[in-house]
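Listed here are the chains, written in short residue letters.
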Amino acid sequence: VDLYWARTFAAAERDYAHPKGIVGFDAPIDTVCGPAGPSSSPAFYCPLDETIYYVIGFRQEVTAEMGDFGWVSIVAHEWGHHVQDSLGLRGLERSEESGALTYRAAELQADCLAGAYSRDAEERGWLDPGDLDEAKALFAYAGDPPGTPQDHLHAHGSAEERVAAFNRGFNR
């Protein structure tokens, strides 16, 4: 994922800063973005230290239930948040005043960016048969429950919206 974004930024003649790391944990930890634990957010990007965090058991569960590329899609989604922050697309709560994306729009864009990475991975011959189905199943499964308000702080989009965003990135 990192190589894809480094190449993409270079092609656009933009500077690219790699995330500082990917950290798995299986017990509560303190991050610069606040405390995290296995029962809280299973995977997230912390912009304050430019690190992707994930619950080890969550990775194992996703891989067992959705397949290995399901997990890669989660990493690509979180990496998408790093890319958004690198480009100044996220950050402020009052998006209508700042021009930044709303939380939900940022989540759907991260799905789209995961799709763009997936297209590159397919073009390079890195995907196995069924990998794209794994990614789409993951995004469908992770859609917001019906009735979730679009402006809810943790809204990511419906199953249909998330798969459509991934497909938009893939079909760029």
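Note that the structure is predicted; figures quoted are calculated from it, not measured.

As for the pattern of salt bridges
Piece 1. Taken as a whole and assessed by the stated rule, the structure comprises six salt bridges.
Piece 2. For Lys 20, the salt bridge goes to Glu 50, with nearest N and O atoms at 3.2 Å. Of this pair, Lys 20 sits in the loop between helix 1 (2–11) and strand 1 (21–25) while Glu 50 sits in the loop between strand 4 (43–46) and strand 5 (51–55); the two residues are 30 residues apart in sequence, bridging distant segments of the chain.
Piece 3. Classification of Lys 20 as exposed rests on a relative accessible area of 61%.

Topic: the layout of surface pockets
Piece 1. There is about 1600 Å³ of room inside the largest pocket.
Piece 2. The wall of the largest pocket is formed by 49 residues, among which Ser 41, Tyr 103, Glu 107, His 154 and His 156 lie closest to the centre.
Piece 3. Going through the elements one at a time, strand 3 (34–36), strand 4, helix 2 (56–66), helix 3 (68–86), helix 5 (103–123) and helix 6 (131–141) are the ones with two or more residues in the lining of the largest pocket.
Piece 4. Of the residues forming the lining of the largest pocket, the biggest block, six residues, is contributed by helix 3.
Piece 5. Class assignment for the residues of the lining of the largest pocket results in 23 nonpolar, 15 polar and 11 charged.

Here we look at the packing of aromatic side chains
Piece 1. Per the stated rule, a full pass over the model turns up nine aromatic pairs.
Piece 2. Centroid distance Phe 166 to Phe 170: 6.5 Å. Interplanar angle 15 degrees. Geometry classified as stacked. Taken together, the residues Phe 166 and Phe 170, both in helix 7 (residues 159–170) and four residues apart, mark about one turn of the helix. As far as the burial class goes, Phe 166 and Phe 170 line up, both buried.
Piece 3. A connected cluster of aromatic rings, assembled from ring pairs, spans Tyr 4, Trp 5, Phe 9, Tyr 16 and Tyr 117.
Piece 4. Here the basic side chain of Arg 119 rests over the ring of Phe 170, its NZ or CZ set 5.3 Å away from the ring centre.

A short note on the sheet that holds strand 5
Piece 1. Spatially, the three strands line up as an open sheet ordered 1-5-4, and their pairing is mixed. Looking along the sheet, the strands with just one partner apiece sit at the ends: strand 1 and strand 4. The average undirected angle you get between the axes of adjacent strands in this sheet is 20 degrees.
Piece 2. With five bridges joining them, strand 1 and strand 5 adopt parallel strand pairing. From the neighbouring strand, Phe 25 faces strand 5, where its bridge partner is Val 55.
Piece 3. Strand contacts of helix 2: strand 1, strand 4 and strand 5, with the helix running at about 70 degrees to strand 5, the strand carrying the most contacts.

The rules we used
- Residues numbered from 1 in each chain as written.
- Predicted model: local features only at pLDDT ≥ 70, side-chain atom pairs only at ≥ 80, totals over all residues.
- Heavy atoms only, no water.
- Salt bridge = Lys/Arg side-chain N within 4 Å of Asp/Glu carboxyl O.
- Helix = DSSP H or I, 4+ residues; strand = E, 2+ residues; numbered from the N terminus.
- Buried < 20%, exposed > 50% of the residue type's maximum accessible area, 1.4 Å probe, protein only.
- 1 Å grid on protein atoms, 1.4 Å probe; cavity = no way out; pocket = protein on both sides within 12 Å on 5 of 7 lines; lining within 4 Å.
- Points joined across faces, edges and corners; volume = space filled by probe spheres on them.
- Nonpolar A, V, L, I, M, F, W, Y, C, P; charged D, E, K, R; others polar.
- Phe/Tyr/Trp six-rings, centres within 6.5 Å; stacked < 30°, edge-to-face > 60°.
- Lys NZ or Arg CZ within 6 Å of the ring centre and 35° of its normal.
- Pairing = 2+ DSSP bridges.
- Axes fitted to C-alpha atoms, helices over the stretch in contact; angles between N-to-C directions.
- Contact = heavy atoms within 4.5 Å.

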